[in-house]
Amino acid sequence: MENYNLNYLKELESESVFIIREVAAQFDRPALLFSGGKDSIVLTHLARKAFHPAKIPFPLIHIDTGHNFPDTLEYRDKLVNDLGVKLIVGYVQDSIDKGRVKEETGFNASRNLLQTVTLLDTLEEYKIDAAMGGARRDEEKARAKERFFSHRDEFGQWDPKNQRPELWNLFNGKKNPGEHFRVFPISNWTEMDVWNYIHMENIPLPVLYFTHQRLCIKRNGTILAHSEYLNLRETEKAEMLQVRFRTIGDMTCTGAVLSEANSLEEIIKEVSLSRQTERGTRADDKRSDNAMEDRKKEGYF
């Protein structure tokens, strides 16, 4: 941390706070998409700073797949209670029960893709016209195509070839009825920036981010947490491993990494030496070369 440019982190913070305030100024019903991962936690921290000493003036939205890590839900509920903000939860199970989506089957079944319909239905139900997310451009090639203000059509879909210019910190939030925006205030941050900012601000995190013993399954080069939601092959056996998570999502597709990092300093050192991106552990991104972009076009985060 001593060698990291703290002034640079403050500049990133100022940029993000400016964008969050711009969203509050331009839109009637903004919301913050909260997954319980480090990026959405940092985004929530920035939103708190943007309006302090007042409370965050918009709700947090969490799309619950029903296959979340219990630690994530526990952290979410405590944070919402501490901040005194409104929490909106969209349940994938409700979408399944209504016939809006069909449960996947097979060994690689996951509810991660099903979140898209639940998210779009939740945004429509609450008439959200700007949904802020913690996506960053360095995460994945499809993320790199995003602008800060990312327009979505009346079907919630994204066209990467039809985006608006963003010059001199001017953001165009004009839209037609039924359309909305996704806004990404930490687009310019890297994973290292996020970790160093968490260290600088002493932001509490779910225990999943730190090393711990866990029953895991090794599948196609990914280490998955053993759970009742995984459909196991006869050849797959659970084994106890020393792991932590670099990203947090649905238990069926969120991969762990072997690690002994038990502090922010150790995590920062480990990430700086890693040659794999954090989303390189996500099984859902490995379904095809354009998996993320295809999901985003349909309305994914």
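What you see is a predicted model; the values in this text were computed from it and never measured.

Caption draft 1: Highlighting the pattern of salt bridges. Here the structure, examined in full by the defined rule, presents 14 salt bridges. Of the charged contacts, one joins Arg-136 and Asp-39 as a salt bridge, the two residues approaching to 2.9 Å between their closest N and O atoms. Taken together, the residues Arg-136 in the loop between β4 (130-132) and β5 (149-152) and Asp-39 in helix α2 (residues 38-51) connect sequence positions 97 residues apart. Of the residues examined, Asp-39 reaches a relative accessible area of 10% and is grouped as buried. Here Lys-78 makes a salt bridge to Asp-82, at a shortest N to O gap of 2.9 Å. Here Lys-78 and its partner Asp-82 are both found in helix α3 (residues 70-83), four residues apart, which amounts to about one turn of the helix. A relative accessible area of 53% places Lys-78 in the exposed class. A single network of salt bridges, built from pairs that share partners, joins Lys-10, Glu-13, Lys-49 and Glu-201.

Caption draft 2: Structural detail: the sheet that holds strand β2 (residues 60-64). The sheet built from six strands is open, its strands ordered β3-β2-β1-β4-β6-β5 with mixed pairing. In this open sheet, the two edge strands, each paired with only one partner strand, are β3 (87-91) and β5. For this sheet, the mean inter-axis angle between neighbouring strands, taken without regard to orientation, is 30°. As paired elements, β2 and β3 share five bridges and run parallel to each other. Bridge pairing in β3 places Leu-60 opposite Leu-87. Contacts between α2 and the sheet are confined to β1 (30-33), β2 and β4, with β1 contributing the most and set at about 140° to the helix. Each of β1, β2, β3, β4 and β6 (180-183) touches helix α5 (residues 115-125); the most contacted strand, β2, lies at about 145° to it.

Caption draft 3: Representation of the pairing of strand β9 (residues 239-245). Taken together, the five bridges between strand β7 (residues 212-219) and β9 define a ladder with antiparallel strand orientation. If you follow Arg-214 over to β9, its bridge partner there is Leu-241. Two elements, β9 and strand β10 (residues 255-258), share three bridges in a ladder whose sense is antiparallel. Its bridge partner lying in β10, Val-243 is registered against Leu-258.

Definitions and cut-offs
- Residues numbered from 1 in each chain as written.
- Predicted model: local features only at pLDDT ≥ 70, side-chain atom pairs only at ≥ 80, totals over all residues.
- Heavy atoms only, no water.
- Salt bridge = Lys/Arg side-chain N within 4 Å of Asp/Glu carboxyl O.
- Helix = DSSP H or I, 4+ residues; strand = E, 2+ residues; numbered from the N terminus.
- Buried < 20%, exposed > 50% of the residue type's maximum accessible area, 1.4 Å probe, protein only.
- Pairing = 2+ DSSP bridges.
- Axes fitted to C-alpha atoms, helices over the stretch in contact; angles between N-to-C directions.
- Contact = heavy atoms within 4.5 Å.

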